[in-house]
Amino acid sequence: MSREFVTFVVAGGVAAAVNWLSRIALSSVMTLELSVVIAYLIGMVTAYALNRLFVFAASGRTVSDESVRFTLVNIVALAQVWLVTIGLVRFILPAIGWDWHAASIAHAVGVASPILTSYLGHRHFTFSKKADAAANGQEEP
């Protein structure tokens, strides 16, 4: 396991905790479905800062370019988190008779679900070296 991946998991764990705790607070004033999305956005801002500062080497891209790329990768991850969380809390956990902190457990599983896909997306797309794209014959925007 690479140092970069381990650091990514630690940074992701911090961002996931921010996401999870935000969802708990937000659920007191909005639906679970909406609170999962809003909390994800809060965690995403945290994750971007931590990944940029501690995980990935400088890409040579602007912050705005990285931010757009980060958002695109996270749109996929958000769909995954939302589907896993809502699927667990609305269908799977009730089907097995689990009701103890169902929303919190489902959300924790959902937040953890995109670890590998997010790492690969950020490593090879968000924070990839700008020169890598040029070396592969691709033009940068």
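A quick note: this is a predicted structure, and the numbers were derived from the prediction, not measured. (Residues numbered from 1 in each chain as written. Predicted model: local features only at pLDDT ≥ 70, side-chain atom pairs only at ≥ 80, totals over all residues. Heavy atoms only, no water.)

### Some details on the overall build of the chain
Assigned secondary structure in the chain consists of 6 helices and 0 strands. Its helices and strands taken in sequence order, the chain reads α-α-α-α-α-α from the N to the C terminus. In terms of its C-alpha atoms, the chain occupies a principal-axis envelope of roughly 55 × 30 × 25 Å. The buried share of the chain, taken over its 141 residues, is 38%. Just so you have it, the chain exposes about 7,900 Å², and 72% of that area is on carbon and sulfur atoms. Charge centroids of the chain, computed over 9 positive and 8 negative side chains, lie 5 Å from each other. (Helix = DSSP H or I, 4+ residues; strand = E, 2+ residues; numbered from the N terminus. Buried < 20%, exposed > 50% of the residue type's maximum accessible area, 1.4 Å probe, protein only. Areas by Shrake-Rupley, 256 points an atom, 1.4 Å probe, with all protein chains shown as cover. Lys, Arg positive; Asp, Glu negative; His and termini not counted. Charge placed at Lys NZ, Arg CZ, Asp CG, Glu CD.)

### Digging into the side chain of asparagine 74
Assignment of secondary structure puts asparagine 74 in helix α3 (residues 63-95). A polar contact of 2.8 Å, which involves the side chain of asparagine 74, links it to the backbone oxygen of phenylalanine 70. Polar contacts involving the side chain of asparagine 74 include one to the side chain of histidine 122, which spans 3.4 Å. In this view, asparagine 74 contacts Tyr40, Met44 and His122; residues no more than four positions away in its chain are not counted. (Polar contact = N/O pair within 3.5 Å; in protein donor to acceptor, adjacent residues only side chain to side chain. Contact = heavy atoms within 4.5 Å.)

### Details of a nonpolar patch on the surface
A surface patch of nonpolar side chains, amounting to about 420 Å² of accessible area, comprises Met1, Val6, Val10 and Val14. Looking at where valine 10 falls in the secondary structure, it is placed in helix α1 (residues 3-26). (Patch = residues over 30% accessible without salt bridge, like charges linked within 9 Å, V, L, I, M, F, W, Y side chains within 5 Å. Salt bridge = Lys/Arg side-chain N within 4 Å of Asp/Glu carboxyl O.)

### Looking at the packing of aromatic side chains
Taken as a whole and assessed by the stated rule, the structure comprises 8 aromatic pairs. With centroids separated by 6.0 Å and ring planes inclined at 20 degrees, the aromatic side chains of tyrosine 48 and phenylalanine 127 adopt a geometry described as stacked. Highlighted residues: tyrosine 48 in helix α2 (residues 32-55) and phenylalanine 127 in the loop between α5 (115-126) and α6 (130-135), separated in sequence by 79 residues. Residue tyrosine 48 is classed as buried on the basis of its relative accessible area, which comes to 13%. (Phe/Tyr/Trp six-rings, centres within 6.5 Å; stacked < 30°, edge-to-face > 60°.)

### Some remarks on helix α4 (residues 102-112)
In an α-helix, one turn spans 3.6 residues, which is why side chains three or four residues apart end up on the same side. The complete set of buried residues in α4 reads Ala102, Ser104, Ala106, His107, Gly110 and Val111. Buried residues in α4 make contact with α1, α2 and α3.

### Structural notes on the packing of α3 against α5
Across the interface, α3 lies against α5 with an axial gap of 10 Å and an inter-helix angle of 160 degrees. Classified by the interaxial angle, the pair formed by α3 and α5 is roughly antiparallel. Here α3 runs over α5; the crossing is right-handed. Packed against α3, whose contacting residues are Glu66, Arg69, Phe70, Leu72, Val73, Asn74, Ala77 and Gln80, the element α5 presents Thr117, Ser118, Gly121, His122, Phe125 and Thr126 at the interface. Counted by class, the contact of α3 with α5 contains 5 nonpolar, 7 polar and 2 charged residues. (Axes fitted to C-alpha atoms, helices over the stretch in contact; angles between N-to-C directions. Parallel < 35°, antiparallel > 145°, perpendicular 65-115°, else oblique. Left-handed = near helix turned anticlockwise from the far one by under 90°. Nonpolar A, V, L, I, M, F, W, Y, C, P; charged D, E, K, R; others polar.)

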